[in-house]
Amino acid sequence: MDELVSRSAASMARAVRNREVSSVELVEAHLRRIDAVNPSLNAIIHLDAAGALAAARTADARLADGAPAGPLHGVPVTVKDNLDVAGLPCTGGTRGRAGCVPGQDATVVARLRAAGAVILGKTNLPEMALAFVTDNLVHGRTNNPYDLARTPGGSSGGEAAIIAAGGSPLGVGNDLAGSIRLPAHFCGIAGLKPTSGRVPLTGYFSPIVGLLKPLWHNGPMARRVEDLALGLAVMAGPDGRDPGAVPAPQGDPTAVDLRAPRIAVHADNGIASPSPETVAAIGRAADALRDVGVQVVEERPAALADAPGLFHRLFNADAGTRLRAEIAALGTTATDMHPAMSGLLDAVERSTGSVGDLTALLADLDRYRAAMLAFLTDYDAILCPVDTEAARPHGPVRGNSYAYPYNLTGWPAAVVRAGASATGLPIGVQIVARPWREDVALALASAVEAGTGGWLPPPL
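Residues numbered from 1 in each chain as written. Predicted model: local features only at pLDDT ≥ 70, side-chain atom pairs only at ≥ 80, totals over all residues. Heavy atoms only, no water.

(A) Spotlight on the overall build of the chain. Counting secondary structure elements, the chain contains 15 helices and 13 strands. The C-alpha radius of gyration computed for the chain amounts to 21 Å, which stays within 12% of the reference 23 Å derived for 460 residues, consistent with globular compactness. Sorting the 460 residues of the chain into buried and exposed places 60% on the buried side. (Helix = DSSP H or I, 4+ residues; strand = E, 2+ residues; numbered from the N terminus. Rg over C-alpha atoms; globule rule 2.2 N^0.38 Å. Buried < 20%, exposed > 50% of the residue type's maximum accessible area, 1.4 Å probe, protein only.)

In structure tokens:
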């Protein structure tokens with residue numbers, strides 16, 4: 001892999017500002033890398049080479065004219081194909097939307113452009129972003145760069161795969177039940193699910209409303225933890241359109257005193273047993289944190305046991321009525337659906353419940369959140385697995401009880417590689433912090449990255 005494309009996005013931005021490399025050179029290097037790896041991966045599904053080169057030439061000209069450089073000036077990035085990018089298709093992986101080309105950027109995309117970023121293209125996902133594998137009937141299957149016979153995870157699997165392979169240094173994913181964190185783990189990169197409300201969801205397909213909205217998060221994905229902080233700073237904050245976006249202050253991860261945090265660590269959540277290699281990765285991450293002065297205590301929240309039932313009751317609360325109506329309105333028919341989507345709808349439609357059941361569910365959810373928050377009275381963060389094992393062979397991947405407990409709470413969670421399986425597949429760990437303390441999660445993730453090595457290039 002070319003050294004230029006293996007750099008962090010922050011390093012690329014500094015190099016552009018210092019005139020060590022031009023944006024055009026950066027974009028051309030990434031287009032060459034995409035040309036080399038994407039036929040094997042099928043990660044980028046809408047490549048805008050001409051548009052990216054034109055934007056790069058503009059970025060270089062502005063810098064030459066003395067215009068101020070944004071934090072991502074001239075840096076190429078990618079965007080998941082359920083976020084609007086003006087002039088590029090936004091299919092959401094469903095056939096009824098295959099011809100949709102939005103005329104306006106999603107808020108996160110507009111903010112990336114305003115920061116100087118150059119959009120390379122869109123990345124693959126499962127249909128409607130509702131599976132843990134990246135495969136759909138519009139664009140097909142995406143493969144894991146560490147083993148093409150395995151999945152990169154979902155739903156942000158296209159982002160994770162192309163970033164890991166050096167085709168993009170920074171991207172945007174989203175997370176309802178682990179959809180940033182699981183692909184980051186499977187592909188050995190870094191990812192951040194911010195606090196619910198930190199980053200606007202405007203321009204996300206399909207429009208997120210109702211009970212599930214607080215569980216959904218847009219967030220950055222990258223090879224290096226420093227780029228998660230950079231991406232978050234660009235994307236965060238209210239936009240005047242998403243009523244759930246909150247004007248909360250952001251901390252600086254580099255200002256966190258790592259001798260102060262006290263974290264709880266568990267390798268087994270008591271619901272799904274981790275592989276020995278996953279346990280070892282948690283041990284290495286814990287040791288890396290101890291080495292910099294973090295207090296590490298073996299403990300896990302008792303309320304985790306309630307998370308699977310709560311999540312599935314919440315997701316299934318309307319028996320799939322809204323999802324099926326959305327798909328029908330798009331023109332996607334039953335025969336046009338990917339089997340994963342058909343199976344999901346069949347499963348949720350078996351749910352039944354009354355208004356009283358919904359009221360009880362919301363009360364149980366409040367109790368769960370209160371119990372989890374009470375656990376953090378004694379801790380600044382939680383270190384735990386992202387999943388029980390490394391990337392699986394292609395095929396269905398069930399929901400994972402290490403990820404969605406923290407969608408239910410809405411807390412920030414960062415993922416960073418901390419080990420590998422016996423066959424060389426990456427294994428990530430998850431660091432969950434108190435609400436609005438992305439700075440703590442990212443500071444701890446940086447320490448793990450420094451102590452364990454973080455991302456390693458795939459054999460592709």
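(B) The pattern of salt bridges, seen in detail. Taken as a whole and judged by the stated rule, the model has 19 salt bridges. One salt bridge in this structure joins Arg7 and Glu3, with 3.1 Å as the shortest N-O distance. Judged by relative accessible area, which is 47%, Glu3 ranks as partly exposed. Between Asp257 and Arg259 there is a salt bridge; the shortest N-O distance is 3.0 Å. The partly exposed category is assigned to Asp257, whose relative accessible area is 36%. (Salt bridge = Lys/Arg side-chain N within 4 Å of Asp/Glu carboxyl O.)

(C) How the structure looks around the pairing of strand β12 (residues 413-420). Here β12 lies mainly inside the structure; 7 of its 8 residues are buried. As judged from the 3 bridges shared by strand β7 (residues 190-193) and β12, these two strands associate in the antiparallel manner. Bridge pairing in β12 links Leu192 to Ala414. Where β12 and strand β13 (residues 426-433) come together, 7 bridges link them in antiparallel fashion. Across the sheet, residue Val416 finds its bridge partner in β13, namely Val429. Between the end of β12 and the start of β13, which pair antiparallel, lie 5 residues, with Gly424 showing a positive phi angle near 90°. (Pairing = 2+ DSSP bridges.)

(D) Seen up close, unusual backbone geometry. Cis geometry marks the peptide bond from Gly154 to Ser155; its omega dihedral reads 10°. Considering the arrangement of structural elements, one finds Ser155 in the loop between β5 (140-141) and α6 (157-164). The omega angle of the peptide bond from Phe205 to Ser206 is 0°, so this bond is cis rather than trans. Of note in the backbone geometry, Met128 takes a positive phi value of approximately 60° without being a glycine. Here Met128 falls in the buried class, since its relative accessible area comes to 6%.

(E) Seen up close, the pairing of β7. Burial of β7 is two-sided: the residues Ala190 and Leu192 facing one way and the residues Gly191 and Lys193 facing the other way are all buried. Of the strand pairs in this sheet, β7 and strand β8 (residues 217-222) are connected by 2 bridges, and their pairing is antiparallel. Following the sheet pairing, Ala190 is matched in β8 by Ala222.

(F) Summary view of the environment of Ala264. Here Ala264 shows up in strand β9 (residues 262-265). A residue is classified by how much of its surface remains accessible, and Ala264, at 0% relative accessible area, is buried. C-alpha separation for the pair Ala264 and Phe375, spaced 111 residues apart in sequence, amounts to 9.5 Å. In contact with Ala264, other than residues within four places in its own chain, are Val297, Glu299, Phe375, Tyr379, Ala381, Ile382 and Leu383. (Contact = heavy atoms within 4.5 Å.)

(G) Structural context of a nonpolar patch on the surface. A surface patch of nonpolar side chains, about 200 Å² in accessible area, is lined by Leu211, Leu358 and Leu362. Within the fold, Leu211 resides in the loop between β7 and β8. (Patch = residues over 30% accessible without salt bridge, like charges linked within 9 Å, V, L, I, M, F, W, Y side chains within 5 Å. Areas by Shrake-Rupley, 256 points an atom, 1.4 Å probe, with all protein chains shown as cover.)

(H) Examining the sheet that holds β7 more closely. Here 11 strands make up an open sheet; going across it, the order is β1-β3-β2-β6-β8-β7-β12-β13-β11-β9-β10 and the pairing mixed. Unpaired on one side and paired on the other, β1 (44-47) and β10 (295-298) mark the two borders of the sheet. Going from strand to strand, the sheet's axes swing by 30° on average, the running direction of each strand aside. Sheet topology note: the strand β2 (residues 76-80)/strand β6 (residues 170-175) ladder contains 2 bridges and is parallel. If you follow Val79 over to β6, its bridge partner there is Val172. (Axes fitted to C-alpha atoms, helices over the stretch in contact; angles between N-to-C directions.)

(I) Just the side chain of Asp439, in detail. Here Asp439 is to be found in helix α15 (residues 438-452). For Asp439, a relative accessible area of 7% gives the class buried. Side-chain polar atoms of Asp439 contact the side chain of Arg437, separated by 2.9 Å. In this structure, Asp439 is in contact with Gly251, Asp252, Pro253 and Val256, ignoring residues within four places of it in sequence. (Polar contact = N/O pair within 3.5 Å; in protein donor to acceptor, adjacent residues only side chain to side chain.)

(J) Local environment of the environment of Thr423. Tracing the chain through its elements places Thr423 in the loop between β12 and β13. Owing to a relative accessible area of 65%, Thr423 belongs among the exposed residues under this scheme. Considering only alpha carbons, one finds Thr423 and Thr134, 289 residues apart in sequence, at a separation of 22 Å.

(K) Here's a closer look at the packing of aromatic side chains. According to the stated counting rule, one finds 5 aromatic pairs in the structure shown. Ring geometry for Phe311 against Tyr404: centres 4.7 Å apart, planes inclined by 15°, an arrangement best described as stacked. Taken together, the residues span a long stretch of sequence, with Phe311 in helix α10 (residues 307-315) and Tyr404 in the loop between β11 (381-385) and α14 (405-409) at a distance of 93 residues. Note that Arg97 overlies the ring of Phe205, its terminal NZ or CZ placed 3.9 Å from the centroid. Its end group placed over the ring of Trp455, Arg223 keeps NZ or CZ at 5.3 Å from the ring centre. (Phe/Tyr/Trp six-rings, centres within 6.5 Å; stacked < 30°, edge-to-face > 60°. Lys NZ or Arg CZ within 6 Å of the ring centre and 35° of its normal.)

(L) Spotlight on the packing of helix α2 (residues 9-17) against helix α8 (residues 225-235). Viewed as axis vectors pointing N to C, α2 and α8 meet at an angle of 70°, and their least axial separation amounts to 8 Å. One finds that α2 runs roughly perpendicular with respect to α8. The segment α2 lies against α8, with Ala9, Ala10 and Arg14 engaging Glu226, Asp227 and Leu230. Grouping the amino acids of the contact of α2 with α8 by side-chain chemistry returns 3 nonpolar, no polar and 3 charged. (Parallel < 35°, antiparallel > 145°, perpendicular 65-115°, else oblique. Nonpolar A, V, L, I, M, F, W, Y, C, P; charged D, E, K, R; others polar.)

(M) Fine view of the packing of helix α9 (residues 276-291) against α15. Put simply, α9 and α15 touch, their axes get as near as 8 Å, and they point 105° apart. In this view, α9 runs roughly perpendicular relative to α15, as classed from their interaxial angle. Contacts between α9 and α15 involve Arg284, Ala285, Ala288 and Leu289 on the former and, on the latter, Leu444, Ala447, Val448, Gly451 and Thr452.

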